[in-house]
Each structure stands twice: as C-alpha cells, then as structure tokens.
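Structural description and commentary
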Amino acid sequence: MTSEQSTVRIIDTITLSDNWYILKKYVVDYLRRDGTRQRLEREVYDRGNGAVILLYNRQKNSVILIRQFRLPVYVNGHDGFLIEAAAGLLEEQDPVSRIKAEAEEETGFRITDVEKVFEAFMSPGAVTEKLYFFIAEYEDNNRQTAGGGLPEEGEDVEVLEMPFPQALAAIKSGEINDGKTIMLLQHLALSGRMA
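Residues numbered from 1 in each chain as written. Predicted model: local features only at pLDDT ≥ 70, side-chain atom pairs only at ≥ 80, totals over all residues. Heavy atoms only, no water.

Note the following rule: UniProt positions are given in the numbering used here, feature names are shortened, and annotations may be inferred rather than shown by experiment.
The name given to the protein in an unreviewed UniProt entry is GDP-mannose pyrophosphatase, with Morganella morganii as the source organism. The record in UniProt for the protein states the following under Subunit (unreviewed entry): "Homodimer." Its UniProt record gives the protein the following Sequence similarities (unreviewed entry) comment, quoted word for word: "Belongs to the Nudix hydrolase family. NudK subfamily."

Structure representation (structure tokens):
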C-alpha cells in the first residue's frame, strides 16, 4: 500500500504530558472503508508494555493473588483496593524475566518455570499497553520473602492465598473485578488444571 493509499496518515503529534507516562494527542487522516478520508483527533497514553502472572497450586487447589490500592479505580467510585494477579511493566526487559522478578517482588514466591498463555491489548481505545499473560505452578517452598512489592515504588501489596473455587466465586460476586485477573482465572478453569 502506498503512502497515498495507507489507511492512517499521522498529520500531527502533540505531547500533552510527559510526567509519569506519556500522553500524546494525534491528528490523523483515516481512510474509511467507503474510500473517503476522515480527520480524527485522538489522545493516546503510552505507559509501556507489561506482564501478568497467576500462580496456582494443584494439590492445594489454590491461587496466589494480591490486594493493592489503585487510584484510578478509587476516583471511579470504587474503594480502590483491587484483588489482582501479580503484574508489572516490562521496563525494557523481556516478558519472562520481568514477570519472574515481579512475581517475587509482589508475592514473595520465586518461580523458575512460567508458561505464556497469550498476549492482549487491555484498553486499545486509549492506551498503547500490551500485556503478556503467564501462569506458573507454585509450592510452599518457593516462598522466599513475605512479598509486598517495592515501597520505593509506592507499592503496599497484601499477598492472598485463595482456594481456586473461592477465586472463581469472587468474580461472580464482584469481589474480583480486575480484567487481567479474571482472564487468567477463567483460562485456568477452562484448561482443566484446577477444579
């Protein structure tokens, strides 16, 4: 496809904020399916890509989750404390190395073998972030520390070991309402690895 025929032509890019992450306004010409061009203005938030992992134990029929405060959720009318799978930004590392480090920082469990299950864009209408989704089995002897995250990064993470049926029920009740965590719990349920 030539430049003249390309679906999207970026006309202008304006940086609106470069504080915590980067927020830019894009002005684009978009080629519609009917052959006409339409001028669009969109704001795009670039926070980098991330990874998320769900730790599970078949013998105990349990999963390791975390609870932490999330300001965007709080300002949207929630109490702000979400139950989630351990996750973090890649910070220019490969997804496998980063998720192993993140799992240990947040949960205290040192995991050596992880299984990538899929990749997904979580909010493609406004955020560039792509998440790499992992699962890994854990044993009690994998626990190296109490976890809790990195205080210097503002993390104050509570580690939860939850029976798998209770975690699934918590989706239905609304106690677990974090999208990435729901996706991993459902994946684990559909895989037949857990009861």
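Quick notes on the packing of helix α3 (residues 164–173) against helix α4 (residues 179–191)
Rules: Axis definition: a line fitted to C-alpha atoms, limited for helices to the stretch in contact. Angles are taken between N-to-C directions and run from 0 to 180 degrees. Helix and strand labels come from DSSP, where a helix needs a run of H or I of at least four residues and a strand needs a run of E of at least two; each type is numbered from the N terminus. Roughly parallel here means an angle under 35 degrees, roughly antiparallel means over 145, roughly perpendicular means 65 to 115, and every remaining angle is called oblique. Note on convention: near helix rotated counterclockwise from far helix by under a right angle means a left-handed crossing. Clockwise means right-handed. The contact rule is simple, with two residues in contact once any of their heavy atoms fall within 4.5 Å. Three residue categories are used. Nonpolar comprises Ala, Val, Leu, Ile, Met, Phe, Trp, Tyr, Cys and Pro, charged comprises Asp, Glu, Lys and Arg, and polar comprises the others, including Gly.
At a minimum axis distance of 10 Å, the contact between α3 and α4 shows a crossing angle of 130 degrees. What the angle tells us is that α3 and α4 run oblique. For the pair α3 and α4, the sense of crossing is left-handed. When α3 is examined against α4, the residues Phe164, Ala167, Leu168 and Ile171 are found in contact with a partner set consisting of Ile182, Leu185, Gln186, Leu188 and Ala189. In terms of residue class, the contact of α3 with α4 is built from eight nonpolar, one polar and no charged.

Observations regarding the sheet that holds strand β1 (residues 8–18)
We count it as follows: When DSSP locates at least two bridges between a pair of strands, those strands are taken to pair.
An order of β1-β2-β3 is seen for the three strands of this open sheet, with the pairing classed as antiparallel. Looking at which strands have only one partner, the edges of the open sheet turn out to be β1 and β3 (37–46). Mean inter-strand twist for the sheet, computed between neighbouring axes without regard to direction, equals 20 degrees. Looking at chain direction, β1 and strand β2 (residues 22–31) are connected through nine bridges and run antiparallel. Counterpart to Ser17 in the pairing with β2 is Leu23.

Some details on the UniProt feature "binding site: Mg(2+)" (unreviewed entry) in the protein
Our working definition: Exposure categories follow from relative accessible area, calculated using a 1.4 Å probe and restricted to protein chains: below 20% of the type maximum is buried, above 50% is exposed, and the middle band is partly exposed.
Here, UniProt's "binding site: Mg(2+)" (unreviewed entry) annotation points to Ala87, Glu102, Glu106 and Glu155. These annotated residues cover 69 residues of sequence, but their C-alpha atoms sit close together, with the largest distance between any two at 11.9 Å. In this structure, Ala87 sits in strand β7 (residues 86–89). Residue class for Ala87 comes out buried when judged on its relative accessible area of 14%. In this structure, Glu155 is in contact with Glu102, Glu106, Gly148, Gly149 and Leu150, ignoring residues within four places of it in sequence.

Thoughts on the UniProt feature "domain: Nudix hydrolase" (unreviewed entry) in the protein
Look at the UniProt record and you will see "domain: Nudix hydrolase" (unreviewed entry) annotated at residues 46–184. Within the segment residues 46–184, helix and strand shares are 24% and 33% respectively, and the terminal C-alpha atoms sit 24 Å apart.

Considerations on the environment of Ile14
Mapping Ile14 onto the fold places it in strand β1. Overall, Ile14 belongs to the partly exposed group, its relative accessible area being 34%. Distance in space between the C-alpha atoms of Ile14 and Val52 is 31 Å, their sequence separation being 38 residues. Not counting residues within four places of it along the chain, the set of residues in contact with Ile14 comprises Leu23, Lys24 and Lys25.

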